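Spelled out from the first residue to the last, the chains are:
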Amino acid sequence: MKSLTPEMFEPKLASLDEAEKISRPILTYFQDAAVRFLRNKVGVFCLGFLTVITLVGIVGPLFFPQMGEDMAYENAINTDFQNQRPSLGDYLLVTDDSWSPPDALIKPNFNTAAGLLAPEKVFAPQNFKIASAATVNGVTLQWEPLEGVTGYEIFRIAGKKESLDLESFRTSPGSVGMTLGKIEDPAQYTFTDSSGLDPSEHYAYAIVSYVTYPDSGETTFSTTASVLNTALVKTIKISDAKHLKANAETGDTIRGRAFLFGTDSLGRDIFARMVMGTRVNFSLALIVPSICLLLGLIYGAISGLSGGKVDLIMMRVIEVLDTLPYLLLMIIMQLVMGKGVLSLIIAMCAFGWTGFARVIRGEVLRLREIEFVHASRLLGAPLSRLIFKQIAPNLIGLILVVWSSRLPGVIVSEAFLSLLGLGLEAPAASWGMVLNEAAQQFQSHPVQFLLPASVMATALLAFFLLGDALTDTLDPKLRGRD
Amino acid sequence: MRSGILIKSMLTGAFILSSLSQAAGAGLSQEQRKKAGEIYLNMGDEPPSMDPTKQADSLSGMWLGHLYEGLMTPDKSGKKYIPGTAESMHVSADNKTYTFKIRKNAKWHDGKPVTAQDFEYAFRRLVDPKFASEYSFIAVTAQIVGAEEIIQGKKPLTELGARALDTHTFEVKLKNAVPFFPSLMAFSVFFPVRKDIVEKFGDKFATNSDSIIGNGPFKLTKWVHEASMRAEKSSTYWNAGDVKINAIEAPVLLKDPGAAYSQFATGGLDMTGLDRDRLKIAQQDKRSIGNYQDGSVFWLEMNQRKSALFSNIKMRQALRFALNRSELVNKVLAVPGTKPAFGLVPEYMPGGKPGSTFRKESSIKWKDNDSTTAKKFISEYLAETKQTKVPAFTILGDDGTNGKMQAEYLQSFLKKVFDTEIKIDLVPFKTRLQRMRDGQFDIVWAGWGPDYLDSMTFMDLFMSNNENNHGEFKDAKFDKMIVAAQQEADAAKRIQLLVAAEKYLIDEQSAVVPYYQRARAYVSSEGLQGFLRLQVGADPNFRYASWKK
Amino acid sequence: MVLFRYIMRRMVLAIATIFTLATLTFFLTRIAPGDPFTKTKEIPAETMANLRAKYGLDQHIMVQYGIQMKQIFFHFDFGTSFRTIGRDVNTIIEEQFPVSAKLGVFAVALGTIIGMGLGIIAALYRNSVIDRFAMLLCVLGLALPGFLFSYLFQYFIAVVPVTQFNMNPDTWVPAVGWGTWKHYLLPGISLSLGVVATITRMTRSQMVDVQFSDYVKTAKAKGVSTARLVVVHELRNAILPILTILGPLLVGTMMGALITENIFGIPGLGRVILNAVVNSDYNVIMGVTIFEGAFLVLIILATDILYGIIDPRIRVSA
């Protein structure tokens, strides 16, 4: 309890000066807004979140592994590791760069003149096995060639080890499996399958023999097949392995890189591509709406304020622009400007500002009728003053809502334009390009799309909420709510 | 009051929705199709033209091959050509005159008999400059007398060496012997055409089901543009008893491969092609997947105009050895059956001796992915031109996803070998064609599908005056070799000449760098058998197909 | 009388707009590389010359321009397609426009109803969990590429139940195609998501604005129930801007249905124009662009007239 003194009880004299003094510190419009913004927890959080992402985008690439030969890490293609799930680094066998599938082997001294087997005697070849290590580069199969057959056919199925139904594969490989092709030389006894092997899957192979009788033209297949199954060894090329461990040699086993988001269809690190993409998308998100806003503001305000014929013509111009075939113009623009960030910006701004202009003109028409604008015009204020001092501050609320709704739109447009081919020059990474490529594989590899999409959706949500928070703080009409 | 409006609007909505339901049949289920002998396919795209003499592309080719029949037709193995609407084919001793006897019981879908005049009209129409068929050049390839001059407007139509001697005898005279002439007679531009129908419909000929009268096993009964087509077995076909399918219908037009596969998965289609991603899904779904050589070969074409980087032969050779075809084929394209190519002519092309193939008679071979030899050529180039680093160059490609993948792979791979900056230029399809024509590229990958079953369809591409020779490889020696082959009458010798020409082209000059031979994967309904997948002509071909009982 | 002059003026300008659009499209298509006849396999030079002559493409460009403009504006004839021989552009539009329109109307109607509902709820419970959730849905609707929803719906709703759970494909939702009311469902819902996202945000924003206006505050103070407040007072004013964009939204949805039409095999105009651009099919591009452009102009005209009737201030100043 504070001690009470007699002075506290003396009456305070009313003083006109004192009464008129403004006791709060004088804040400008924007200082006031800053204070209020900081009180908006959601807004601050979003701003912080987006700043973190931006920093990751700027600083992250500096930590990328060096690939040498001026190849950027996020563009480094790795055919040993395509479409893989996120991992923390697998153990990999080092292989030679110049490996290519071995030629098929033909048995010497094979009796090609042997009579063709009767249908009941057509059996699958025996001793069906793997000739050497089964890696993601190739699986070499081997069997005992049969005399009296016209050839063989090999089938393949893939999946998780438990889900492979080997029994039905053995009895009717053609109806559950994929044919790898007919071998039309009965003396051939090896075959290398390299087509689209995925190191995370388990593979089973089946081989049947067949006989084609020349007189009837009929073909008989062996009723059952010889079957084997195998997992694949994950590999890494030696030129790449040397980046991880300088003295690596062919045949060693080393620990590979971690792929936080997995790899795409060419084996590139998706996480790295998203980090690089941040640079592109965030700069676009800031630049494009601002340019569109400026253009739209000037155009819309002039149109709205002038009224009459000028307004009519200006709006017609916008209508014409809106109805031009977007697709066609994009293709033409691409030819004129080529690819790259600049042409992307121009393309997006060229059609983005009309929305702003329309909305602003609408509001301007409404605001024009308000008294203080009338007064200013009567007093002879020039158009520019009207725009910037009278109309604009009142438009801020609306502008911010529209501007903030465009931020995410820019990022989405970038994805769409990348799909059309008007985007960055391949193989550059942007969110749109990563998502487009992943969307192509969606049904077979959903995770590849979902992770980057979640990142994009989260960032977009953050932009939205930030926009809302800004609207709440900056719009003069909204002051005094909450 | 407000709720009243709400109810009213809901009722209106329901009314609109129900009235939107048009009387459209949902189509037959797979079980019903098996019993009725019907096949459902995906239309894929609207055929540009159903006029056989135009034969714009493979889409219309598939339908035309079922609605019409030519003098010759593929047999049920798909490997041989047998007389179709012709009853017999007689060849003169010098192999320059072919006489066909038309079957007396060959009829058009409206019952009228097929006559030799119908063939004469079609052949003349093909070379008529006023009709301007894009395939008129094939009459020149077939070496039909007078074809070239008529196309150029120098001679009248009546001078064409293809004549009806009487109503059922048709004679064709050739300038030189053409060993693959019989297979050409199965090609759609040589199908018979009814003059009275063409004149009756004028510009609208072959634009709807009424104006298409054919002589083949099936008759077009319905064509809803951009939506569906249906062809039913025609009783007028001379061999109708041998046809086991009663109708072929394309009830939907789906351009998107995912949509087509979804429709197949729900039993709405009996066959659909699989792209790389759909192939993965089909394997996951444990489907029966087939593949076939679709006939096309792809190569890297290099700009060899003056002062272009690849006009230098050392650079071209370097590219030839540098390429890792098997990695591209297996890891990027990933369709089983697609094979690395080491020559221009694909494996299925027949050779000069019976039972042999062109590739078996050729001796070209080199190691794939041979970066050592490639680097050797590069250093020779650098020494020759006194440079320290290979200049930057550009890869031109299509801007679809497949194109992008291939381009990015090439860029990354070639960068390692050539150690220079390589840019990718991905453009829309027509733009790419324009750039190729104008020579605005360094490397582009291009492919070719065969027009007929003979290696010449690939070999004459690189003659100096061929418009398809976009890299402008102009070599007089090569031209002479091709012309000599065109004039050689003996089949075996002719192939030998072509084999030597190919070796010169690919091995010595490295004019183009062969890349891969393409195969396509597909799924088909369980029980559908006997259909043919062909490299030339109507594909798929259901003439000999049936449902297993 | 004022209204009549207003309408007349707008119509004259609408016609001028369409004419400008036609001219611009004409010259743009001619500038773009590629011509209708080029294919992967080159056509011999003479044949190409013959083809161009046949279709009148060998004349001077201004002559071609004059001929085409006359054909379009005096005879309403857009010519024939270069890619599909013998097919009139007018017929293509006649057959396929109603398809795109019906789908578009369905999607916009569905989207607007859902969107307005969501927007009103979000505005009423501003800053609550419901509001945030609605906003999240909007973001996803705008963020994820539209065609992905089409794929997702097609796969999970039409295909999986048939292949994994043995639903009968004849009675279940069809995966592709057009013709019955069932075929509207998947594509319509996919397309309506974008509409929902836009309308929800707009409705919410407008409603929030209106909530703070004087007359609403007065009504609230006087004790008007929330339901009546929303419907009678707030909605009426919030609706106006939404009405303004409904027209363009419809056209936008129809044009954006491109990929969705492809995925579901719907014979609509979106597919047509995509093909036409790829094939440099001049007449089809002109026809569809001008037709859709005219459609858009007319819709905007109708909206402006409506706006003019409702808000007298607009037409007086015009």
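Quick caveat: nothing in here was measured; it's all calculated off a predicted structure.

1. Focus on the overall build of chain C
So, step 1. Broken down by element type, chain C carries 13 helices and zero strands.
So, step 2. Helices (α) and strands (β) of chain C occur, in sequence order from the N terminus, as α-α-α-α-α-α-α-α-α-α-α-α-α.
So, step 3. Projected onto the principal axes, the alpha-carbon positions of chain C cover approximately 85 × 65 × 30 Å.
So, step 4. Within chain C, counting contacts between residues at least 6 apart in sequence, those at least 24 apart form 72% of the total.
So, step 5. Between the averaged position of the 25 positive side-chain charges in chain C and that of its 18 negative side-chain charges there is a distance of 10 Å.

2. Details of a nonpolar patch on the surface
All names here are of chain A.
So, step 1. On the surface, Ile 58, Val 59, Leu 62 and Phe 63 cluster together to form a nonpolar patch covering roughly 450 Å² of accessible area.
So, step 2. Within the fold, Phe 63 resides in the loop between helix H3 (41-59) and strand S1 (91-95).
So, step 3. You can call Phe 63 exposed: its relative accessible area is 69%.

3. Focus on the packing of helix H7 (residues 270-306) of chain A against helix H10 (residues 341-368) of chain A
All names here are of chain A.
So, step 1. At a minimum axis distance of 5 Å, the contact between H7 and H10 shows a crossing angle of 40°. Note on packing geometry: the crossing formed by H7 with H10 is right-handed.
So, step 2. The residue inventory of the contact of H7 with H10, partitioned by class, reads 23 nonpolar, six polar and two charged.

4. Quick word on the side chain of A:Thr192
Residue and element names in this part refer to chain A.
So, step 1. Assignment of secondary structure puts Thr 192 in strand S6 (residues 190-193).
So, step 2. The exposure class of Thr 192 is buried, given its relative accessible area of 17%.
So, step 3. At a separation of 3.4 Å, a polar atom in the side chain of Thr 192 contacts the side chain of Thr 140.
So, step 4. In contact with Thr 192, not counting residues within four places along its chain, are Pro 101, Pro 102, Gly 138, Val 139 and Thr 140.

5. Some points on the side chain of B:Glu327
So, step 1. Its place among the elements puts B:Glu327 in helix H12 (residues 325-333).
So, step 2. Residues in contact with B:Glu327, not counting those within four places in the same chain, are A:Thr79, A:Lys237, B:Val332, B:Tyr409 and B:Phe413.

6. Looking at the packing of aromatic side chains
So, step 1. Under the counting rule described, the total for this entry stands at 45 aromatic pairs over all chains.
So, step 2. Judged by centre distance (6.4 Å) and plane angle (50°), the ring pair of B:Phe531 and B:Phe542 falls under tilted. Note that B:Phe531 is positioned in the loop between strand S18 (528-529) and strand S19 (546-547) and B:Phe542 in the loop between S18 and S19, a separation of eleven residues in sequence.
So, step 3. Between the aromatic rings of C:Phe82 and C:Tyr282, the centroid separation amounts to 6.2 Å while the plane-to-plane angle is 90°, which identifies the pairing as edge-to-face. Residue C:Phe82 is located in the loop between helix H3 (61-75) and helix H4 (89-124), and its partner C:Tyr282 is located in helix H12 (residues 282-310); the two are separated by 200 residues in the primary sequence. The residues C:Phe82 and C:Tyr282 share a single accessibility class, namely buried.
So, step 4. Note that A:Lys182 overlies the ring of A:Tyr210, its terminal NZ or CZ placed 5.5 Å from the centroid.

7. Structural notes on the sheet that holds strand S11 (residues 253-255) of chain A
All names here are of chain A.
So, step 1. Strand order across the open sheet formed by three strands is S10-S1-S11, with mixed pairing between neighbours. The sheet terminates laterally at strand S10 (235-237) and S11, the two strands that pair on one side only. Neighbour to neighbour, the strand axes of the sheet diverge by 45° on average, direction disregarded.
So, step 2. Inspection of the sheet shows S1 paired to S10 by three bridges, in the parallel sense. Residue pairing across strands places Leu 93 opposite Thr 235, the latter belonging to S10.

8. Quick word on unusual backbone geometry
So, step 1. B:Asp539 connects to B:Pro540 through a cis peptide bond whose omega is -5°.
So, step 2. One can find B:Pro540 in the loop between S18 and S19.
So, step 3. Non-glycine residue A:Asn83 carries a positive phi angle of around 50°.
So, step 4. Mapped onto the elements of the fold, A:Asn83 is located in the loop between H3 and S1.
So, step 5. Residues other than glycine seldom take positive phi values, yet B:Lys386 does so here, at roughly 55°.
So, step 6. Judged by its relative accessible area of 75%, B:Lys386 is exposed.

Parameters at a glance
- Residues numbered from 1 in each chain as written.
- Chains lettered and ligands numbered in written order.
- Predicted model: local features only at pLDDT ≥ 70, side-chain atom pairs only at ≥ 80, totals over all residues.
- Heavy atoms only, no water.
- Helix = DSSP H or I, 4+ residues; strand = E, 2+ residues; numbered from the N terminus.
- Contact = heavy atoms within 4.5 Å.
- Lys, Arg positive; Asp, Glu negative; His and termini not counted.
- Charge placed at Lys NZ, Arg CZ, Asp CG, Glu CD.
- Patch = residues over 30% accessible without salt bridge, like charges linked within 9 Å, V, L, I, M, F, W, Y side chains within 5 Å.
- Areas by Shrake-Rupley, 256 points an atom, 1.4 Å probe, with all protein chains shown as cover.
- Salt bridge = Lys/Arg side-chain N within 4 Å of Asp/Glu carboxyl O.
- Buried < 20%, exposed > 50% of the residue type's maximum accessible area, 1.4 Å probe, protein only.
- Axes fitted to C-alpha atoms, helices over the stretch in contact; angles between N-to-C directions.
- Left-handed = near helix turned anticlockwise from the far one by under 90°.
- Nonpolar A, V, L, I, M, F, W, Y, C, P; charged D, E, K, R; others polar.
- Polar contact = N/O pair within 3.5 Å; in protein donor to acceptor, adjacent residues only side chain to side chain.
- Phe/Tyr/Trp six-rings, centres within 6.5 Å; stacked < 30°, edge-to-face > 60°.
- Lys NZ or Arg CZ within 6 Å of the ring centre and 35° of its normal.
- Pairing = 2+ DSSP bridges.

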